[in-house]
Amino acid sequence: MSGIIAYCRAGFENDCAAEWQEKSAALGVYGYCQATAQQGYVVFRCQVEEADHLAKKLALTDLVFTRQFIVILAELDQLPVADRVSQVQVALLDEDLLAAFDTVKPAGELRVEVADTNSGKELSKFAKKFTVPLRRGLRQIEWLTERESSRRPSLHVFILGTDHLVLGYSYSFNQSPWPMGILRLRMPNDAPSRSTLKLDEAFQVFIPAGEREQRVTSGMNAVDLGASPGGWTYQLVRRGMMVQAVDNGPMDEALMESGQVRHFREDGFKFKPKKRNITWLVCDMVEKPDRVAMLMCEWLVEEYCKEAIFNLKLPMKKRYQTVSESLALIKETLAEYGHGRYRVSAKQLYHDREEVTVHIYREPS
Ligand SMILES: C[S@@+](CC[C@H](N)C(=O)[O-])C[C@H]1O[C@@H](n2cnc3c(N)ncnc32)[C@H](O)[C@@H]1O
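In this text, all values refer to a predicted model and were calculated from it rather than measured experimentally. (Residues numbered from 1 in each chain as written. Predicted model: local features only at pLDDT ≥ 70, side-chain atom pairs only at ≥ 80, totals over all residues. Heavy atoms only, no water.)

## Some thoughts on the packing of aromatic side chains
If you walk through the whole model with that rule in mind, you get 14 aromatic pairs. On the numbers, 6.1 Å between centres and 15° between planes, the contact of phenylalanine 12 with phenylalanine 65 is stacked. Placement of phenylalanine 12 in the loop between strand 1 (3-7) and helix 1 (13-25) and of phenylalanine 65 in the loop between helix 2 (48-57) and strand 4 (68-76) is noted, with a sequence separation of 53 residues between them. With a relative accessible area of 3%, phenylalanine 12 lands in the buried category. Geometrically, the ring pair formed by tyrosine 171 and phenylalanine 173 is stacked, given 5.2 Å between the ring centres and 15° between the ring planes. For tyrosine 171, a relative accessible area of 7% translates into the label buried. Judged by its relative accessible area of 56%, phenylalanine 173 is exposed. Taken together, Phe101, Tyr169, Tyr171 and Phe173 form an aromatic cluster joined through their ring pairs. (Phe/Tyr/Trp six-rings, centres within 6.5 Å; stacked < 30°, edge-to-face > 60°. Helix = DSSP H or I, 4+ residues; strand = E, 2+ residues; numbered from the N terminus. Buried < 20%, exposed > 50% of the residue type's maximum accessible area, 1.4 Å probe, protein only.)

Spelled out as structure tokens, the structure:
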């Protein structure tokens, strides 16, 4: 059966599915989703050519609840334990499959992946062991380039059981660079809170590597709204910025001793910077999404800051709808009152839980 598999955080399958339904229809593809709660992925069923069209045209960066997605080549189950590799070879040499996917072969790299769930974790040891013989087997049948190539599509093997897997592919120009679409980060020993990883991840996901040195760098001024105890401020300080940390709660003492932080015990919704010299506004206040969205728009429209990263905390139900409405509100407000063109991106990051992270950037004129 053809279609797409979209990887997501377990528990967010319905939101991921709702987003696929809407965004694929906007590109003229009318498929249907199969989503089971807590399985960590969604299957979107559509025709083979439609799936390939979406792999090229539906930008992963435009999908909030999808970490990575792959076009299904084949699904194999009841694989014989003794020789799974040759069964994969047989499937990939099938004439119909080759005719439908002739431009995908040979792939430039192999990614053997599992769902980000407890049962996926149990399979990851097997996935690792399977990778080496499988890679060899794929090279034998010329489904994989001899040397890794980032210009060719990636071949994904999504392991659902020790005898059950899905073969798929993604295009190098529309994929996450990380296995399973997950950027794993080490928790720094001296960071004041685990949420520090959210901002670290956000900088790496939203700011292209080649621009990071220029856009997230030493000497910049930043404001952190809802800063206590200082996990996000820690990331700004680590990058050499001077930070105005706004929160009634206490800030980590070691962070204050850096000399790079001024603590304002004020309401983040009322705080305004004294000078228009702020590059980064970050905000992690627990508040209604639309209220945070409007505050961020105000900072950008008034040119108090150049770029903003913030969280939208999600309600229990209709989470995709809530996010869509907040993003629409942001785009409309900036189009009406802003100066210039803004890029608005949103993602449920690996380190996010009941929230998504948004980045807004005014493009240089
Ligand atoms: C999730 S915590 C922030 C954690 C922080 N980003 C970190 O990494 O350590 C939310 C913070 O927002 C603060 N907060 C909520 N409403 C606020 C407001 N109106 N003004 C200032 N701070 C607020 C709370 O006091 C709380 O410390």
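## Considering the domain arrangement of the protein
Where interface size is quoted, it is often the accessible area lost as the parts come together. If you check the domain split of the protein, you get domain 1 (4-181) and domain 2 (196-362). When each unit is reduced to the centre of its C-alpha atoms, the spacing between domain 1 and domain 2 is 33 Å. Opposite the 17 residues of domain 1 that make contact, domain 2 presents 15 residues. Around 1400 Å² of area is buried between domain 1 and domain 2 when both sides are counted, 51% of it from carbon and sulfur atoms. Put simply, domain 1 and domain 2 have 1 salt bridge between them. Aspartate 15 is the salt-bridge partner of arginine 319, the closest N and O atoms lying 2.9 Å from each other. Linking domain 1 to domain 2 there are 10 residue pairs in polar contact (both at pLDDT 80 or more). The residue inventory of the side of domain 1 that touches domain 2, partitioned by class, reads 7 nonpolar, 3 polar and 7 charged. (Domains from an automatic or database assignment. Contact = heavy atoms within 4.5 Å. Buried area = accessible area lost by both parts, 1.4 Å probe. Salt bridge = Lys/Arg side-chain N within 4 Å of Asp/Glu carboxyl O. Polar contact = N/O pair within 3.5 Å; in protein donor to acceptor, adjacent residues only side chain to side chain. Nonpolar A, V, L, I, M, F, W, Y, C, P; charged D, E, K, R; others polar.)

## Let's talk about the side chain of lysine 347
Here lysine 347 lies in strand 13 (residues 342-347). Lacking a salt bridge, the buried lysine 347 has glutamate 19 as its closest oppositely charged neighbour, with an N-O distance of 7.0 Å. Polar side-chain contacts of lysine 347 include one of 2.8 Å to the backbone oxygen of threonine 66. Leave out the neighbours within four places in its chain, and lysine 347 touches Leu60, Leu63, Val64, Thr66, Phe206, Asp352, Val356 and Thr357. (Lys, Arg positive; Asp, Glu negative; His and termini not counted.)

## Considering the pairing of strand 13
Burial of strand 13 is extensive: 5 of the 6 residues sit out of reach of the surface. With 6 bridges connecting them, strand 13 and strand 14 (residues 355-362) associate as antiparallel partners. Across the sheet, valine 344 pairs through a bridge with isoleucine 360, a residue of strand 14. (Pairing = 2+ DSSP bridges.)

## Quick notes on the sheet that holds strand 8 (residues 221-225)
On the basis of which strands lie adjacent, the open sheet formed by 7 strands has the order 10-9-8-11-12-14-13 and mixed pairing. Looking at which strands have only one partner, the edges of the open sheet turn out to be strand 10 (261-264) and strand 13. Strand-to-strand twist across the sheet, computed as the mean angle between neighbouring axes with direction ignored, equals 15°. Relative to strand 10, strand 9 (residues 242-246) runs parallel, the two being bridged by 4 bridges. Bridge pairing in strand 10 places valine 246 opposite phenylalanine 264. (Axes fitted to C-alpha atoms, helices over the stretch in contact; angles between N-to-C directions.)

## Focus on the pairing of strand 7 (residues 164-170)
A regular strand places its side chains on the two faces of the sheet in alternate fashion. Counting buried positions along strand 7 gives 6 out of 7 residues, so the element sits mostly inside the fold. Across 5 bridges, the pairing between strand 4 and strand 7 is antiparallel. When the bridges of strand 7 are listed, valine 71 appears paired with tyrosine 169. In this structure, strand 6 (residues 154-161) lies alongside strand 7, joined through 7 bridges in antiparallel fashion. Residue pairing for strand 7: glycine 161 is matched across the bridge by histidine 164. Following strand 6, the chain reverses through 2 residues before pairing antiparallel with strand 7.

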